[in-house]
Amino acid sequence: MNPWESLLTNEGRDIMRIRKWLALGLVAMLVVLTGCQSIGGLDVAKVLKQQLDVKSAESKSTVSLKLDLADNAKLSDEDKRIIQWLNDAQITIDAKTQDITHVSMEGKLKLAGQEVPFKLGKQDTAMALWVEGAKSPLIISDSGLVAGIGMLPTDEVTKQAQSFMKSTVDLLVKHAPNPKQTDVSSVNEQVAGESLSLKKLHMEFTGEELIPWVKETLQSLLKDEAGLKAWFQEMGKLYAPIITAGMGMSLGDESGQLDFLKDGEVLGLTAYKWVIENAPKWVEELDAAYAKLVKETPELATVLGPNTKLTLDYYVDGQSNVRKSSIQLNVALPAGQEIPLKGITYSITSELSNINGNVKADVIDTANAVKMDDPNMTPGKWLNHFDSKSVVYSWLKGMGITSKIAMLPMKSSEYDDWFSDDPLPYNKNGSMMAPLSEVAQQFDADLKYDSSTKQIAIIDDITGNRIEMKLGSKEATAGGQAMTLPVAPELKDGMIFAPLRSLGDMLNFTIKFEETEYASWIMLERK
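All residue numbers refer to position in the chain's written sequence, counted from 1. Per-residue local features of the predicted model are confined to residues with pLDDT of at least 70, and side-chain atom pairs are confined, for both listing and counting, to 80 or more; whole-chain, interface and lining totals are unaffected and use all residues. Water and hydrogen atoms were dropped before computing side-chain values, which therefore reflect all heavy atoms in the structure.

## As for the environment of Arg-81
Along the polypeptide, Arg-81 turns up in helix H3 (residues 77-86). Separated by 31 residues in sequence, Arg-81 and Ala-112 place their C-alpha atoms 9.2 Å apart. Each helix is a run of H or I in the DSSP string that is no shorter than four residues. Each strand is a run of E no shorter than two, and both are numbered from the N terminus.

If you want it as structure tokens, here you go:
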């Protein structure tokens, strides 16, 4: 597994409990943003559609996260580590969008009270990331971007997609009610050092408003059969080629049975008919379904209660461009032992200037860059790619990039030869002998063997220490320090075996013997 994937997997398990509640709040925020009728002379639909016409711009943004600890919270070590990392997390970004394929960003990421400056640049098919402390930039999914170039939309498809998004805005704005707390006022605001006269759109939306808001929106939509039908037809024409292409890849020859989906209008009308037939029942049962859901998951009553609130301020100029915005989402969390928090606050502020002007994205020099998905990059190589005094280096260490667990099967009976293709560990004079190549591979160590001199050399992936041994000799060195092995390395069945505990001392892993009724094995773990 790629070290980055391992980190994401480990951290993902840790923050899953917090993230699932935050996700509910973000969904609510996005729903509200799509629907808001004209207010105080401000044409909200025009404002939202105008944002789709922004091709180039310069922007400044700040995204922050605040965790509110529950009263008398009892924190485990795991909880303390997660909260230390995420509380007061912040990212600031200055971005330049030249066009859809040329974008650059420069900013700072703050985690656990430490800041890391970074630069991110997208040039055609390459996306490069530079972070302070790195010896060279990192290429993000370069191969995936190149492979997907043939799937990029044509100009015609892009125009079609943009038209569909505008139709979606029109439909939702027409039928979605305004939040109860909504007003528009005239203000003077500083944007990119310039004082501007703007319209300020202010909205507040609480969690308890969500279900009634969804119900009222759906009821209104279902009455507009002509508008809904036209929207589904447009949707079908846009997405039919994508759906049929995906089915062709997954179903192969059997995809011919779904030829009717290739006709976008037929697809759209089929979807429209299904919704018209089923949606009224959904709306009718919405309140009861929500009540049942709250009964089964009482925590939802808090998350979608009055203390969960979205506050949104849009500052709009005379051309309907959003020049400045502030979004704050407070998500109330249920009291309990599972989550030691009573709330999460997610905030975004941004300013936009030079809209559709002459913007030139910065270019990152990718000479000697390293691909983040390079399979040859081991944990030790990634650590070595950063200055040992840098913040990112300490983050990688703290997040457990060096952690690894390996398993060596053991033979517990004469019938276990099928268990492994390679020779299994065995006991010799009280020492467990393990296949050296297997151990080295599991811990990303570089192993070399000179058959003429019988010399064995191992380079520790993490420390870079050189370990030297010799077949038939108990003398060895590790990092320049001499040591005596309990048993000399030896050849067996064409493989080199060495004493496992000595390897653990030299490569910094622990050993634990495990056994069940049916199998036994050795667990090797490096912190």
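## Comments concerning the pattern of salt bridges
Take a side-chain nitrogen of Lys or Arg and a carboxyl oxygen of Asp or Glu: if they are within 4 Å of each other, that pair is a salt bridge. Under the criterion given, the structure shown has 17 salt bridges. With a shortest N-O distance of 3.2 Å, Asp-94 and Lys-60 are connected by a salt bridge. Of the two residues, Asp-94 is situated in strand S2 (residues 89-99) and Lys-60 in strand S1 (residues 57-69); the sequence distance between them amounts to 34 residues. We call a residue buried when its accessible area falls under 20% of the maximum for its residue type, exposed when it is over 50%, and partly exposed in between, using a 1.4 Å probe and counting protein chains only. On the basis of relative accessible area, Asp-94 is assigned to the partly exposed category, the value being 39%. Judged by relative accessible area, which is 44%, Lys-60 ranks as partly exposed.

## Observations concerning the side chain of Asn-321
The topology assignment puts Asn-321 in the loop between strand S9 (309-316) and strand S10 (322-332). A residue is classified by how much of its surface remains accessible, and Asn-321, at 8% relative accessible area, is buried. Think of a polar contact as two N or O atoms within 3.5 Å of one another; within protein, one of them needs to be a possible hydrogen donor and the other a possible acceptor, and neighboring residues in sequence only count if both atoms come from side chains. A distance of 3.1 Å separates the side chain of Asn-321 from the side chain of Gln-50, its partner in a polar contact. Contacts are residue-level and defined by heavy atoms, with any inter-residue pair within 4.5 Å sufficient. The residues touching Asn-321, leaving out its near neighbours within four places in the chain, are Gln-50, Gln-51, Val-54, Tyr-315, Val-316 and Ile-355.

## Here we look at the packing of helix H6 (residues 210-223) against helix H8 (residues 264-296)
Axis definition: a line fitted to C-alpha atoms, limited for helices to the stretch in contact. Angles are taken between N-to-C directions and run from 0 to 180 degrees. Where H6 contacts H8, the two axes come as close as 10 Å, and the packing angle between them is 160 degrees. Overall, the two elements H6 and H8 adopt an arrangement that is roughly antiparallel. Considering only the axes of H6 and H8, their crossing is left-handed. The segment H6 lies against H8, with Ile-211, Val-214, Lys-215, Leu-218, Gln-219 and Leu-222 engaging Ile-276, Ala-279, Pro-280, Val-283, Leu-286, Asp-287 and Tyr-290. Broken down by class, the residue content of the contact of H6 with H8 amounts to ten nonpolar, one polar and two charged. Between 65 and 115 degrees an angle is taken as roughly perpendicular, under 35 as roughly parallel, over 145 as roughly antiparallel, and anywhere else as oblique. Definitions for this section: a left-handed crossing has its near helix turned counterclockwise from the far helix by less than a right angle. A right-handed crossing has that turn clockwise. When residues are grouped by polarity, Ala, Val, Leu, Ile, Met, Phe, Trp, Tyr, Cys and Pro land in nonpolar, Asp, Glu, Lys and Arg in charged, and all others, Gly among them, in polar.

## Let's talk about the nonpolar core
One finds Val-131, Leu-201, Leu-341, Trp-382 and Phe-386 to be the most contacted residues of the largest nonpolar core, which totals 55 residues. Tallying contributions element by element places helix H11 (residues 391-398) first for this core, with five residues. Those residues in contact with Val-131 that sit more than four places away from it in its chain are Val-116, Pro-117, Phe-118, Phe-386 and Val-392. By convention a nonpolar core is built from buried Ala, Val, Leu, Ile, Met, Phe, Trp, Tyr and Cys residues, the set being connected through side-chain atoms within 4.5 Å.

## Some details on the pairing of strand S24 (residues 520-526)
Residues Ser-520, Ile-522, Leu-524 and Arg-526 line the buried face of S24, whereas the alternating positions Trp-521, Met-523 and Glu-525 sit on a face that is not buried. Two elements, strand S13 (residues 404-410) and S24, share seven bridges in a ladder whose sense is antiparallel. Considered in S24, the bridge of Ala-406 is made with Leu-524. Any two strands with at least two DSSP-identified bridges between them are counted as paired. The pairing of strand S23 (residues 510-515) with S24 spans six bridges and is classified as antiparallel. The residue bridging Phe-513 from the neighbouring strand is Ile-522, located in S24. Between the end of S23 and the start of S24, which pair antiparallel, lie four residues.

## Re a nonpolar patch on the surface
On the surface, a nonpolar cluster with roughly 260 Å² of combined accessible area is contributed by Tyr-239, Ile-242 and Ile-243. For Ile-243, a relative accessible area of 32% gives the class partly exposed. Here, patches come from residues exposed beyond 30% relative accessible area and free of salt bridges, joined within 9 Å for like charges and within 5 Å for nonpolar side chains (Val, Leu, Ile, Met, Phe, Trp, Tyr). The accessible surface values rely on the Shrake-Rupley method and a 1.4 Å probe; as for residues, cover is taken only from the protein chains in view.

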